[in-house]
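Residue-level listing of the chains:
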Amino acid sequence: MSTHADNTHPTKDNTTTMINSPILTIQNKSTSDKNSYHLITLPNHLKVLLVSDPQAERYSASLSVKVGSFQDPKNQQGLAHFLEHMLFLGTEKFPEPGNYQSYINTHGGSHNAYTSTDTTNYYFDITPSAYEGALDRFSQFFISPLFSDELAQREKNAVDAEYKAKLKDENRRNNQALKTLTNPDHPYSHFTVGSLETLKDRPGSPLRKQLLTLYKNNYYAENMALVLVANLPYSQLAALAKDYFSGISNHHTPHNDHLPELINSNKTKLQFVRSLIDNNTLNLYYQIDAQGNNYKTQPSRYLSYILGNENKGSLYASLKSEGLISGLSAGISTDYGNHAFFQLKIRLTNDGLTQIETVARRTFATISLLKSSPVNPLYLQEGLKLSQLMFNHQNYVDPQNLARTLSAKMLNVPTEDILSSFRLETAASDQQVQTLLQQLNPDKLLIQLVTDKTFPESWTKKTPTWQIEPWYNSEYSNNNISQSLANIINLSVKNTHVSLPEKNPFIPESLAIVTEQDTEPKIIFEKKGITYWNKSDPSFAKPTAMNFLAIRFDHAADTAKRTLLNRLWTRLFNDSISELTYAPYIAGLGYSFYPHSNGVTLRTSGYSDKQNNYEIWLIDQLFLFRPTLERFNLAKKQLETDLNNQKSRQAYNNANSALNILITKNCFTTEQLKEALDSLTLQDLQAFTKQARDKFDIVGYSTGNTTKEQSIQLAQSIFLRFKDRLISRKPLEIETKPLTPQGRHHYQFPSTSDDCAVLYALIDTSSQTKNKAITEKAYFSILRTLISSPFYQELRTDQQLGYIVGVQDLSIRNTPILGLLVQSPNNDTSTIINAMEDFLTKQRERLPNISTSEFDNAKKALLQQLGREAKNLSDNAIEEWHQIAKPTSPDFQTKEDWIHHVEKIQREDFLEFIKRKLQSKDTAKIIIHNQTFPTTLTEQQSWKETTPTSNNL
């Protein structure tokens, strides 16, 4: 920890001066924000925001640079992103490529970076004792990076792998296709990720030279913003900033910030894109003026609120009630120079696709209605009140997210508004809203239709011709619109299907904080078939609460058929009340209703004022709900689509899902679910829900800004509704399948990805008592910390096996699991598995020789993670609910048990443990992959079981 002296003294204007650098206190923070914010400008003109966070348990820093893909040279697209990668690969002071990553990982931290259109953001968090060492390494990125030519030639493979990992990502494919409609002179139209093709040496301009030029032109102090977040006085943070970041040079380079229009034609353009998955989406993009400078009033919220509204009578409700759409959203993009997009995204059902003209006509009629109607002050005032209410009662933001968000914001927002810019200051004026509304102009409209089915050729002026987008291989067709579509856009008028929203009755009226304070949950209501818990907890000083209610019945998910019926019930109910729950959602009252192996759970959260009444209303709606045949068939089709599309997710995500499914009892494969789904009928669902509603038990929990008396009243209301249906029952316990010690299994999961993904899981098979499981899971956590950096360095940086490379702690229930993960576009399964096993062999030799300090740092990092205090109500509530809802007796001292067991771990015990585990004496291995590889069953055992169900209450 830094021991810098406090070299400050007061000045006449109540600021403080540190060496000639004024320290400005930032005002207008949220009333719930306990941090203090001060800003200094270093002599090199670097702006630094110092955040003293009294709750910070890990310290953080983030530095943003005002440079992104828009600054890429035309012939080296993706260079800004590649530059971001290169800064992690050695500096003059710390030349080893993995030094920074290793330091962060072994001291319990995390790090990352991102490149957007106009910002590159670097950030980390770490244990307090290692903060100064991390700042030292981090700051050198911006002072003396090496840009090794050898590493540049190697690292461009990692960028290429990152690009190829998302070749089949629908969002990437559709967005890159859309760019072909935009102005080719605008950098928005370019490819941004980078590939081996775009990052190669050019004649007279080698890659390293291009990197140095981009770095020199943009990485200077005045073009940056730094945020430090720690539980330290601002004077000490200021000294750290000065010591480590004053060395950043400041050679201001003139920038030409003027960009042309996004859309350079007055003709509406239409694009068809063939989807790789079962998907129908209609996207409308209107070019509007950039909105970044309107942060105090945000007039675009008026448009988003009305066009994205889901209340009864809205565009969404109108189209959904006829089975034409499954979703609709409205909002603005980030600014792209002087312009932005206002976007409407409409997810069409298959019926909606066949009746797309009805959808389009009603959508453009609603836009016409909005443009021709007077600006309603009700929506503006509601928006202002809710924005300020939510800002003043916001949840705690952890140091890393806070630093990352603020440093990016500082590049574009004046210092005095850096905090208040997160909420509306005043309502937008009528003129601001009308100006924006008039920019919903058909002359600046792009229409994109994405589907794997038939396109409406009546919308095009000529027969569509198809092209292949070169970066993501999207098949697309760009067209001028037909007269019939032009008429729909320009002549659709107000109709009886759509109306503007009414006043929101769910905005909270009472924000009083209760005075009762409990230390842990207690049963406050118990009768046959119902147990209700409460914990009055105003400790976060927010008028918010959470309610949980598990309705548990027999045979909820013991077969594939019942698993699907439970999913359909929850999906259909959520669908049926989406319009009625939109106003509460906007007013800060959320809910979720989801299935699990013991039944269903209803959860509400948000402002406590009207929450209990809201929960009772939701319960009544659930027991009154009866789906129609039409809605059942639609939900069944949507579930079938979801199951079919599962294999299109990122391969590494499917690998992790497959592992959990493989080792959990009573789970079903995607194929088993699809087979069972085919024969399901509405009568099956009616019989299932009747049985579920007839006999069940209830476990409930209320916590937060609620009193014991209020929770008793809620429990009593629930009991009186169901007392004749309540039974005592023993819930099912989710169990892990028994695995054979030294067993080696492989499982190939379905995937559409061309990448090869391998998850190599080491699973502890020894019998697990609770205490033993805690200790051994702790051993696995320490092991993960010790091998993460070497694994990343060896397999990603040195061997370039893939972009997605990491070690994961995948422990579940009482089963410790360590997972090695690689996803590669260029290497096969055998190569990756061999590299993983070679790595494990090396670790068996390396780990017995780790120093005491290495072990102590890893143990300390785990203890720091375990010892973190809850910062928001949900941090405690969800963990407490898991204890309350589990089949065995709740244990609210789990954290203390973990800490107690970890504190007792000695280096010698750990070394004996890993020797045993890595030699497989009681460790099973499951190797999960999406591509085949040569093997014999004498060497490996093929695993034929798998697939998905939600098992969590």
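Here the structure is a predicted model, which is why all the values come from computation and not from measurement.

## Let's talk about the overall build of the protein chain
Okay, so step 1: When you go through the protein chain residue by residue, the secondary structure sums to 29 helices and 28 strands.
Okay, so step 2: Taken against the 2.2 N^0.38 rule, which gives 30 Å for 953 residues, the C-alpha radius of gyration of the protein chain at 29 Å falls within 12% of a compact globule.
Okay, so step 3: Along the first, second and third principal axes, the C-alpha atoms of the protein chain reach 70 × 70 × 70 Å.
Okay, so step 4: Looking at the protein chain residue by residue over its 953 residues, the buried ones come to 58%.
Okay, so step 5: When contacts within the protein chain are restricted to residue pairs at least 6 apart in sequence, long-range pairs at least 24 apart make up 82% of them.
Okay, so step 6: Of the roughly 38900 Å² that the protein chain leaves accessible, carbon and sulfur atoms contribute 48%.

## Digging into unusual backbone geometry
Okay, so step 1: Of note, the phi angle at Phe147 is positive, near 50°, even though the residue is not glycine.
Okay, so step 2: Considering the arrangement of structural elements, one finds Phe147 in the loop between helix H3 (131-139) and helix H4 (149-164).
Okay, so step 3: Using a relative accessible area of 1% as the deciding quantity, one classes Phe147 as buried.
Okay, so step 4: Even without glycine at this site, Gln800 takes up a positive phi of about 55°.
Okay, so step 5: Residue placement: Gln800 occurs in the loop between helix H24 (770-798) and strand S25 (804-809).
Okay, so step 6: Gln800 sits in the buried class, given a relative accessible area of 14%.

## Here we look at the pattern of salt bridges
Okay, so step 1: Tallying each qualifying case throughout the model produces 33 salt bridges.
Okay, so step 2: Note that Glu475 is salt-bridged to Arg274, the shortest N-O span being 3.4 Å. In this pair, Glu475 sits in strand S16 (residues 475-480) while Arg274 sits in strand S10 (residues 269-274), placing the two residues 201 residues apart along the sequence.
Okay, so step 3: A relative accessible area of 29% places Glu475 in the partly exposed class.

## Structural notes on the sheet that holds strand S15 (residues 467-468)
Okay, so step 1: Strand order in the open sheet formed by seven strands is S12-S13-S11-S14-S10-S16-S15, with mixed pairing between adjacent strands. Looking along the sheet, the strands with just one partner apiece sit at the ends: strand S12 (325-332) and S15.
Okay, so step 2: Alignment of strand S11 (residues 280-289) against strand S14 (residues 445-451), held across seven bridges, turns out to be antiparallel. Its bridge partner being in S14, Leu284 is matched across the sheet by Ile447.

## Remarks on the pairing of strand S21 (residues 599-607)
Successive residues of a regular strand alternate their side chains across the two faces of the sheet.
Okay, so step 1: Along S21, seven of the nine residues are buried, which leaves the element largely enclosed by surrounding structure.
Okay, so step 2: Relative to S21, strand S19 (residues 544-552) runs antiparallel, the two being bridged by nine bridges. Residue pairing in the sheet places Arg552 in a bridge with Gly599 of S21.
Okay, so step 3: As paired strands, strand S20 (residues 589-596) and S21 are joined by eight bridges and run antiparallel to one another. When the sheet's bridge partners are listed, Phe593 is paired in S21 with Leu602.
Okay, so step 4: In this structure, the hairpin formed by S20 and S21 is closed by a connection of two residues.

## Examining the sheet that holds strand S22 (residues 697-704)
Okay, so step 1: Taken together, six strands build an open sheet; the order of strands is S17-S18-S22-S19-S21-S20 and the sheet is mixed. This sheet does not close on itself; its edge strands, each paired only once, are strand S17 (522-527) and S20. Between one strand and the next, the sheet's axes are offset by a mean angle of 10°, whatever the strand orientation.
Okay, so step 2: Where S17 and strand S18 (residues 530-536) come together, five bridges link them in antiparallel fashion.

## Describing the environment of Arg916
Okay, so step 1: With respect to the secondary-structure elements, Arg916 resides in helix H29 (residues 907-918).
Okay, so step 2: With relative accessibility at 25%, the residue Arg916 sits in the partly exposed group.
Okay, so step 3: In sequence terms Arg916 and Arg423 are 493 residues apart; their C-alpha atoms lie 55 Å from each other.

## Points about helix H12 (residues 377-392)
Okay, so step 1: With 16 residues, H12 extends 22 Å between its outermost C-alpha atoms, agreeing within 8% with the 22 Å of an ideal straight helix rising 1.5 Å per residue.
Okay, so step 2: Along H12, the residues classified as buried are Tyr379, Leu380, Glu382, Gly383, Leu384, Leu386, Ser387, Leu389 and Phe391.
Okay, so step 3: Lining the buried residues of H12 we find helix H8 (300-307), helix H14 (430-438), helix H17 (582-586) and S21.
Okay, so step 4: Of the residues that open H12, the one with a side-chain oxygen 2.8 Å from the backbone nitrogen of Leu378 is Asn376.

## Some remarks on the packing of H8 against H12
When two helices pack together, their arrangement is given by the angle between the helix axes and the distance between those axes.
Okay, so step 1: Packing of H8 against H12 brings their axes to within 10 Å, and their N-to-C directions diverge by 105°. Put simply, H8 runs roughly perpendicular to H12. Judged by residue contacts, Arg301, Tyr302, Tyr305 and Ile306 of H8 engage Tyr379, Leu380, Glu382, Gly383 and Ser387 from H12.
Okay, so step 2: Residues of the contact of H8 with H12, tallied by class, amount to five nonpolar, two polar and two charged.

## Details of the environment of Leu446
Okay, so step 1: Following the sequence through the fold, Leu446 ends up in strand S14.
Okay, so step 2: Judged by its relative accessible area of 0%, Leu446 falls in the buried class.
Okay, so step 3: Along the primary structure Leu446 and Thr182 are separated by 264 residues, whereas in three dimensions their C-alpha atoms are 8.6 Å apart.
Okay, so step 4: Apart from residues no more than four positions distant in its own chain, Leu446 is found in contact with Leu178, Leu181, Thr182, Ile263, Lys269, Asn283, Leu284, Tyr285 and Phe341.

## Some words on the confidence of the model for the protein chain
Okay, so step 1: On average, residues of the protein chain score 91 in pLDDT, and 94% of them reach the 70 mark or higher.
Okay, so step 2: A low-confidence stretch, residues 1-19 (pLDDT under 50), is modelled with 36 contacts involving residues beyond four sequence positions or located in other chains.
Okay, so step 3: Scored below 50 in pLDDT, residues 936-953 shows 66 contacts in the model against residues more than four places distant or in partner chains.

## Describing the packing of aromatic side chains
Okay, so step 1: Counted according to the given criterion, the structure contains 52 aromatic pairs.
Okay, so step 2: With a centroid separation of 5.8 Å and 55° between ring planes, the pair formed by Phe88 and Tyr100 is classed as tilted. Of this pair, Phe88 sits in the loop between helix H1 (79-86) and helix H2 (99-106) while Tyr100 sits in helix H2, and the two are twelve residues apart along the sequence.
Okay, so step 3: Judged by relative accessible area, Phe88 falls into the buried class, the value being 10%.
Okay, so step 4: For Tyr100, a relative accessible area of 4% translates into the label buried.
Okay, so step 5: Taking 5.3 Å as the distance between ring centres and 55° as the angle between the ring planes, the aromatic pair formed by Phe455 and Trp466 counts as tilted. In this pair, Phe455 sits in the loop between S14 and S15 while Trp466 sits in the loop between S14 and S15, placing the two residues eleven residues apart along the sequence.

## A short note on helix H20 (residues 651-662)
Okay, so step 1: The end-to-end C-alpha distance of H20, which contains twelve residues, comes to 16 Å, matching closely the 16 Å that a straight helix rising 1.5 Å per residue would cover.
Okay, so step 2: Residues of H20 that are buried: Ala651, Asn654, Ala655, Ala658, Leu659, Ile661 and Leu662. Down the axis, H20 shows its buried residues gathered within 165° of arc, on one side only.
Okay, so step 3: Contacts from the buried residues of H20 go to strand S23 (744-748), strand S24 (756-764), strand S26 (817-824) and strand S27 (923-929).

## Considerations on the packing of helix H26 (residues 852-866) against helix H28 (residues 894-904)
Okay, so step 1: Look at H26 against H28: their axes get within 10 Å of each other, and the N-to-C directions meet at 165°. With respect to H28, the element H26 is oriented roughly antiparallel. In the packing of H26 onto H28, the handedness of the crossing is left-handed. Contacts between H26 and H28 involve Lys859, Leu862, Leu863 and Leu866 from the first element and Lys895, Trp898, Ile899, Val902 and Glu903 from the second.
Okay, so step 2: Of the residues assigned to the contact of H26 with H28, the class counts are six nonpolar, no polar and three charged.

Scoring rules and cut-offs
- Residues numbered from 1 in each chain as written.
- Predicted model: local features only at pLDDT ≥ 70, side-chain atom pairs only at ≥ 80, totals over all residues.
- Heavy atoms only, no water.
- Helix = DSSP H or I, 4+ residues; strand = E, 2+ residues; numbered from the N terminus.
- Rg over C-alpha atoms; globule rule 2.2 N^0.38 Å.
- Buried < 20%, exposed > 50% of the residue type's maximum accessible area, 1.4 Å probe, protein only.
- Contact = heavy atoms within 4.5 Å.
- Areas by Shrake-Rupley, 256 points an atom, 1.4 Å probe, with all protein chains shown as cover.
- Salt bridge = Lys/Arg side-chain N within 4 Å of Asp/Glu carboxyl O.
- Pairing = 2+ DSSP bridges.
- Axes fitted to C-alpha atoms, helices over the stretch in contact; angles between N-to-C directions.
- Expected span 1.5 Å × (residues − 1).
- Polar contact = N/O pair within 3.5 Å; in protein donor to acceptor, adjacent residues only side chain to side chain.
- Parallel < 35°, antiparallel > 145°, perpendicular 65-115°, else oblique.
- Nonpolar A, V, L, I, M, F, W, Y, C, P; charged D, E, K, R; others polar.
- pLDDT = per-residue confidence, 0-100.
- Phe/Tyr/Trp six-rings, centres within 6.5 Å; stacked < 30°, edge-to-face > 60°.
- Arc of directions from axis to C-beta.
- Left-handed = near helix turned anticlockwise from the far one by under 90°.

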